[in-house]
Amino acid sequence: MDTQVVTCVADLAHGRSGDKGDTCNVGLIAYDAECFALLREHVTAERVAEHFGDLVKGTVTRYEMPNIHALNFVLTRALDGGGTMSLRSDHLGKVMYTWLLRLPIDAPHLASRRPDPRWES
Amino acid sequence: MTEPEKVVRLGAGMAFWGDSVKPAIEMVTQGNIDYLCCDHLAELTMSILNKQKAKNPDFGYTRDVIDLMRGVLPTCRSKGIRIVTNAGGANPQACAEAIADVATSLGIAGLRIAVVTGDDVADRIDDLLARGVDFANMDTGAELTDVRDLLTHASIYTGSEGIVEALDGGADVVVCGRVTDIALYLGPLIHEFGWSFDDWQRLGMATAVAHAIECGGQATGGLFDGDWSDIPSLESMGYPIAEIFEDGTAVITKTPGSGGRVDVATLSEQMIYEILDPGAYLTADVTADFTNIALDQVGENQVRITGATGRPRPDTLKATMGYRAGFIGEAQFTYTWPHACEKARRGIEFLQNRLARAEFLAQDTIVEYIGRNSAWGPSAIPVPNAPDIDEVVVRFAARCPTAEEARKVFTESVPLYNNGPAGVSGIGTRPPVKELYGLWPALVPREFIQQSVSWIEA
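### Overview of the overall build of chain A
Inference 1: What chain A contains, in helices and strands, is three helices and six strands.
Inference 2: The helix and strand sequence of chain A, counted from the amino end, reads β-β-β-α-α-β-β-α-β.
Inference 3: For 121 residues, the compact-globule estimate of 2.2 N^0.38 gives 14 Å, and chain A sits close to it at 14 Å.
Inference 4: Along the longest, intermediate and shortest principal axes, the C-alpha atoms of chain A span 45 × 30 × 20 Å.
Inference 5: Within the span of chain A, comprising 121 residues, buried residues form 52% of the whole.
Inference 6: Across chain A, the fraction of contacts at a sequence separation of at least 24, relative to all contacts at a separation of at least 6, is 63%.

### Comments concerning the nonpolar core
Soluble globular proteins: nonpolar side chains tend toward being buried together.
Residues and elements named next belong to chain B.
Inference 1: Within the largest apolar cluster, 150 residues are counted, with the highest numbers of intra-cluster contacts made by Leu36, Val174, Val175, Val209 and Ile252.
Inference 2: The greatest single-element share of this core, amounting to nine residues, is contributed by helix H8 (residues 200–213).
Inference 3: Lining this core are residues from two domains, each supplying at least three of them: domain 1 (7–119 + 158–314) and domain 2 (324–438).
Inference 4: Residues contacting Val175, with those up to four places away along its chain left out, are Thr85, Ala87, Gly88, Pro92, Cys95, Ala96, Ile99, Ile113, Ala114, Val115 and Val116.
Inference 5: If you look at the next biggest cluster of nonpolar residues, it comprises 24 residues, including Phe327, Ala340, Cys400 and Ala406.

### Observations concerning the packing of helix H3 (residues 64–79) of chain B against helix H4 (residues 92–105) of chain B
Residue and element names in this part refer to chain B.
Inference 1: Where H3 meets H4, the closest approach of the two axes is 10 Å, and the angle between their N-to-C directions is 40 degrees. Accordingly, the angle class assigned to the pair H3 and H4 is oblique. Helix-helix and strand crossings are classified by hand; for H3 and H4 the assignment is right-handed. Each of Val65, Ile66, Met69, Arg70 and Leu73 in H3 lies in contact with H4, whose residues at this interface are Cys95, Ala98, Ile99, Val102 and Ala103.

### Side note on the sheet that holds strand S13 (residues 309–311) of chain B
Residues and elements named next belong to chain B.
Inference 1: Read from one edge to the other, the open sheet built from three strands follows the order S9-S10-S13, with strand pairing classed as antiparallel. Each edge of the sheet is formed by a strand with only one pairing partner; in this case those strands are strand S9 (281–282) and S13.
Inference 2: As defined by bridge partners, strand S10 (residues 287–289) adjoins S13 across three bridges and the pair is classed as antiparallel. Looking across to S13, one finds that Thr287 is bridged to Arg311.
Inference 3: In this fold H8 packs onto S9, S10 and S13, with an angle of close to 125 degrees to the strand it touches most, S13.

### Let's talk about the interface of chain B and chain A
Inference 1: Counting residues at the interface gives 46 residues for chain B and 34 residues for chain A.
Inference 2: Of all the secondary structure elements, the ones that give two or more residues to the side of chain B that touches chain A are helix H9 (264–271), strand S11 (294–299), strand S14 (316–336), strand S15 (364–370), helix H11 (377–380), strand S16 (391–400) and strand S18 (433–445) of chain B.
Inference 3: Per-element accounting of the side of chain B that touches chain A gives the leading share, five residues, to S18 of chain B.
Inference 4: The residue makeup of the side of chain B that touches chain A, split by class, is 25 nonpolar, 10 polar and 11 charged.

Analysis parameters
Residues numbered from 1 in each chain as written. Chains lettered and ligands numbered in written order. Predicted model: local features only at pLDDT ≥ 70, side-chain atom pairs only at ≥ 80, totals over all residues. Helix = DSSP H or I, 4+ residues; strand = E, 2+ residues; numbered from the N terminus. Rg over C-alpha atoms; globule rule 2.2 N^0.38 Å. Buried ≥ 20, exposed ≤ 12 C-beta atoms within 10 Å, placed from the backbone. Contact = placed C-beta atoms within 7 Å. Core = buried A, V, L, I, M, F, W, Y, C linked by C-beta atoms within 7 Å. Domains from an automatic or database assignment. Axes fitted to C-alpha atoms, helices over the stretch in contact; angles between N-to-C directions. Parallel < 35°, antiparallel > 145°, perpendicular 65-115°, else oblique. Left-handed = near helix turned anticlockwise from the far one by under 90°. Pairing = 2+ DSSP bridges. Nonpolar A, V, L, I, M, F, W, Y, C, P; charged D, E, K, R; others polar.

As C-alpha cells, then:
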C-alpha cells in the first residue's frame, strides 16, 4: 500500500462525541505527540466553528488534555434543541466527531497515522 | 511486615437502561469485584419513568433491573459482592420491592436492600419557589413560569452521601433514584476507605476513575474510533473494572477472558466523552479537574490512571426537569435509481404541498437524505443531486404542537404510495407520532436537598 500523507484531521487523530442537553462535545485524540502538536496548531476553535457551519448555532470552545494528547471542543446549541427535542437522526451527537475528522489539514510532508486503509468519499 | 495496600474493585455493570445484563453476570462470576455499580439513567429516562409511574404507581423504575438481579444476585450473595444502582429512577421504593421479590423467588433470604431517596422534588417546587429558588433555565436564563404547568418531573442530581450511609449500615443492595452516575462509584469508595466528604483531591481523582468506566463497554473498545477493526470480539465485550487505591488512583481492566480491549487509546476516547471544561467537571460531590490526567499501560488490558485533582464541590445541585413539549411526526421513503435524489426531492415537495393544504402546523421541520447528508446536515453536504446514485432514503420530520398535527405527516405522505414519483418503497408503516419532552436544567442550593435511607429486607 502506498504511504498516504496527512490531508485531514482523521490522519492525525481519532475521536468521540456526545451530548449534554443542546450542547455537543467533540473530543479528538491525537495518535502521538507530533500529531498532537499539529492538531493544536491547526484545529482552532475558529476553524471548527467555520467547519460545522449552520450545524452549530452557538459557540465553540476548545480545551486541552495534554497528557493524553486530547483536544475537547464544546459546541453549544448544536443538537437542534437537545437529544429529547431534536428532529435530527443523530439527535445525540454521536457522529458529530466524524465531520470534524474531515477538516482539511495542510501537512503533506507527514505520513498519515490513520490505522485503516483510507477510501475516497 | 507491612500489610498489602488496600485495593477496592469496582465493576461497571450497566451503562444505560436496556443495556445487556450479560457483561454484569460475567463480571460477578469471573471479575473478582467487590462492588457492582449499575447506571440505568440518561437525561430522557426520568421523563419516561415518571410517565410510567403516573399510569401505574408500581412502575417508574427501569425494569431491566429484574433480569439483572436474577442473573447476578446468587453470585453476589455467595461472594459478598454488593450492588449499587440508580435503577430506582422515579420509584426507588417499588424497585427495591421488586428486587426483594426476585431474591425471594431465588431462595435468597436476609438480603438487606437500602432505598436512597431525596432526589425527587416534583412535589416541592412551589415550596422551593416560595423560598427563593427561581429554577431559571441554566442554559437560556428563561423563567420557570414558561413551562411550570407542563412539567412531568423534577429531580436533583444528588451525590454519594446516601449511598455511603446505606453501605455503612450494611446494605447488600443500594437502590437510588437520580443520583449522579459518579456517586454510584464514589459511594463505595468513601465507605471503604473512610475518605472525608471534603477530601477534594481523592474525590476528584476517583471521579476521573468513575468517569472512565461508568459507560461500560465504551471504555473497553465499544464505539472505539481508532483502530476499531482490531478490537477483539466486540460481541463478547467485557465491561470495565477499576482497581482503586487509597489515594484514588486506579488500574482499569476488564472481566478476564472477555472480548474488547483496555488500552490508552480506548480509555482516552472515554475520558473526553460527554465532558465540557475538563478543568471543572462538576458533580454533586466534588469539582474534579481532568486536565492533567495520565494513562499508562501497565499490563495487557491494564491501564493505570493518575493525575486528576479536585476542588470543593459546587454550592448548588443540578435539577433536571422535564416538560411536555409537543409531538414529533415522521415519514421516510426509499427512492431508487435512476435519479433517486431527484425523485426523493419531488416526493418531499409533494408531501410539503399536501401538508400546506391540510393547514399543517409545525414549529420546525427537517429533511434528511439518509445515505447522503443525514449525519452532518445540508450545511456540510448540500441537498444531493447525484443522478447515478443507487438509492437514497429521504426522511421528513416535524415538531408539532399537538398529536393531531404530527399525525398529518403520516396521513399526507401515504398518497406517495401511488400518486408520487415511481421507484419508491418503504412507506406504509404505522404512524410514528411520538411525544416530546423538553429538559429544563436549573440550579438549587444544596441546603434544600437532603437524602434519606430506608430499608427493606428480603
